[in-house]
Amino acid sequence: MATRQGIVALIAGGIVLLGLAVAATLPRLTQASSAPSIGGPFTLVDGAGHSVTDRDYRGKWRLMYFGYTHCPDACPTTLSDIGAALDKLPAAARQKLVVLFVTVDPARDTPQVIGAYARAFGPEFVGLTASQAAITAVEQSFRVYAARHELKGGDYAMDHSSIIYVMDPDGHFVTVLDDSLKPADLAQHLEQLGA
Amino acid sequence: MPSTPRRTLIPGGSSVDSCLAALTLPPLRGGPLPLPQARERGFRQPSNSATFSIIAALAFSVLAAPAGAQQPTVAVHDAWARATAPGQTVGAVYMTLSTPVSDSLIGVSSPDAGAAMLHRTMKMNGMTGMSDVDSVPIQAGRKVILAPNGIHVMLMDLKHPLMPGQTVEVDLTFSNSASVHVKAPVQPITASAPPA
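Structure report, in brief. (Residues numbered from 1 in each chain as written. Chains lettered and ligands numbered in written order. Predicted model: local features only at pLDDT ≥ 70, side-chain atom pairs only at ≥ 80, totals over all residues. Heavy atoms only, no water.)

### With respect to the overall build of chain B
So, point 1. Of the regular secondary structure elements, chain B holds 4 helices and 10 strands.
So, point 2. The helix and strand sequence of chain B, counted from the amino end, reads α-α-α-α-β-β-β-β-β-β-β-β-β-β.
So, point 3. Relative to its full complement of 196 residues, chain B shows a buried share of 44%.
So, point 4. Accessible surface, chain B: about 9500 Å² in total, of which carbon and sulfur atoms supply 57%. (Helix = DSSP H or I, 4+ residues; strand = E, 2+ residues; numbered from the N terminus. Buried < 20%, exposed > 50% of the residue type's maximum accessible area, 1.4 Å probe, protein only. Areas by Shrake-Rupley, 256 points an atom, 1.4 Å probe, with all protein chains shown as cover.)

Structure below.
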């Protein structure tokens, strides 16, 4: 009988504890679900053909932009605007920053192609590609939209998200910046973030 | 080019006006004015509408057609192309178009590329996309600017990399104007505007 009462007490206590634990966790859970989780671990390939992960960029502010090299207009405009913004930052801030240009068109953007393309915009620029499956996974973790559409003459273009993701040196998502920002405004945002 | 119309529009006579506007083009470009008498007579002595119509019709049939076929009415300014990165096989050419006679840019080609097309970059809600453009209307007296993140001449299958200091050649075809051959200087890949 005593054992039985003990078991009941134990179960009751367990339920109370569980309730407390849930109550304590709940705010965090709801907070987490209301704030979008953006970004996450990835494994991609750089211009030299080396495998790189998000951890390789720990300790640096990371600007990430998704595009493709067969994009003659929007992508180079954004990347050159980012480059012009970096030119306005103090040298010390610039050294703590890396710009990752991740392709949404891995079929055409080989490591060599995307690597050379990104590097043309400045020493901080890194072009990354991977298998379609790995690219799709990164697109999903960053909630990037990318879709192929056919052009006249048998060529195709990619519609894609055109926002700049800002990740802090711990690899956490901080904010997104509109890629239509003028370089001076972009630089100001980066300085305000402490990048 | 600030090509403001020199005269008031003739109500209901836009084609006549276009025709006469075409006649005023050479002085804007510094050349001689062909048959100024016709233009002046048409405007200064419109004794009645019939006379005016006849003169206008004559001017249209005799002068406008050959003038349009022989020399372009559309002017192209500030053409430039963005340099390509190593290995990049596509490029973009930008420019400003103006015309004293409403027209449309309907075709592009380039000896420097396997194919050239008119494309428009569209940005909306954090997304960007590129679509084919069949024609670009150019209203009389207004500039149409082909610029980054808008309409551009897309060069595909480039025959050589575009390096700063080079020029890219583009031929423009219009609905009315004679075609225009453009030599666009290549700007650094980081450029976003034509050379100053």
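### Digging into unusual backbone geometry
Backbone geometry follows two general trends: most residues other than glycine have a negative phi, and most peptide bonds adopt the trans configuration.
So, point 1. Of note in this structure, Arg143(A) is not a glycine but carries a positive phi near 55 degrees.
So, point 2. Within the secondary structure, Arg143(A) is located in the loop between helix H5 (132-141) and strand S6 (146-150).
So, point 3. A relative accessible area of 53% places Arg143(A) in the exposed class.
So, point 4. Not every positive phi belongs to a glycine, and Asn149(B) is a case in point at roughly 65 degrees.
So, point 5. Structurally, Asn149(B) is set in the loop between strand S7 (144-146) and strand S8 (151-158).
So, point 6. We classify Asn149(B) as partly exposed; its relative accessible area is 25%.

### Observations concerning the pattern of salt bridges
All names here are of chain A.
So, point 1. Under the counting rule described, the total for this entry stands at 8 salt bridges over all chains.
So, point 2. Here Glu 124 ties to Arg 94 by a salt bridge, and the two come within 2.4 Å at their closest N and O atoms. You can see Glu 124 sitting in the loop between helix H4 (111-119) and strand S5 (125-128) and its partner Arg 94 sitting in helix H3 (residues 91-95), a full 30 residues away along the chain.
So, point 3. A salt bridge links Arg 108 to Asp 105, with the nearest nitrogen and oxygen atoms 2.7 Å apart. Grouping residues by exposure puts Arg 108 and Asp 105 together as buried. (Salt bridge = Lys/Arg side-chain N within 4 Å of Asp/Glu carboxyl O.)

### Side note on H5(A)
Counting along an α-helix, one turn takes 3.6 residues, and residues three or four places apart therefore face a common direction.
Residues and elements named next belong to chain A.
So, point 1. Taken together, the buried positions of H5 are occupied by Ile 135, Val 138 and Glu 139. With its buried residues spanning 100 degrees around the axis, H5 presents them on a single face. Turned more than 90 degrees off the buried face of H5, the exposed positions are Ala 133 and Gln 140.
So, point 2. Residue Arg 143 follows H5 closely and has a positive phi angle near 55 degrees. (Arc of directions from axis to C-beta.)

### Describing the sheet that holds strand S3 (residues 61-67) of chain A
Residues and elements named next belong to chain A.
So, point 1. Spatially, the 5 strands line up as an open sheet ordered S5-S4-S3-S8-S9, and their pairing is mixed. The strands lining the two open edges of the sheet, one partner per strand, are S5 and strand S9 (173-178). For this sheet, the mean inter-axis angle between neighbouring strands, taken without regard to orientation, is 25 degrees.
So, point 2. Pairing of strand S8 (residues 163-167) with S9 involves 5 bridges; the strand directions are antiparallel. (Pairing = 2+ DSSP bridges. Axes fitted to C-alpha atoms, helices over the stretch in contact; angles between N-to-C directions.)

Keep in mind that these numbers describe shape and distance, not what the molecule does.
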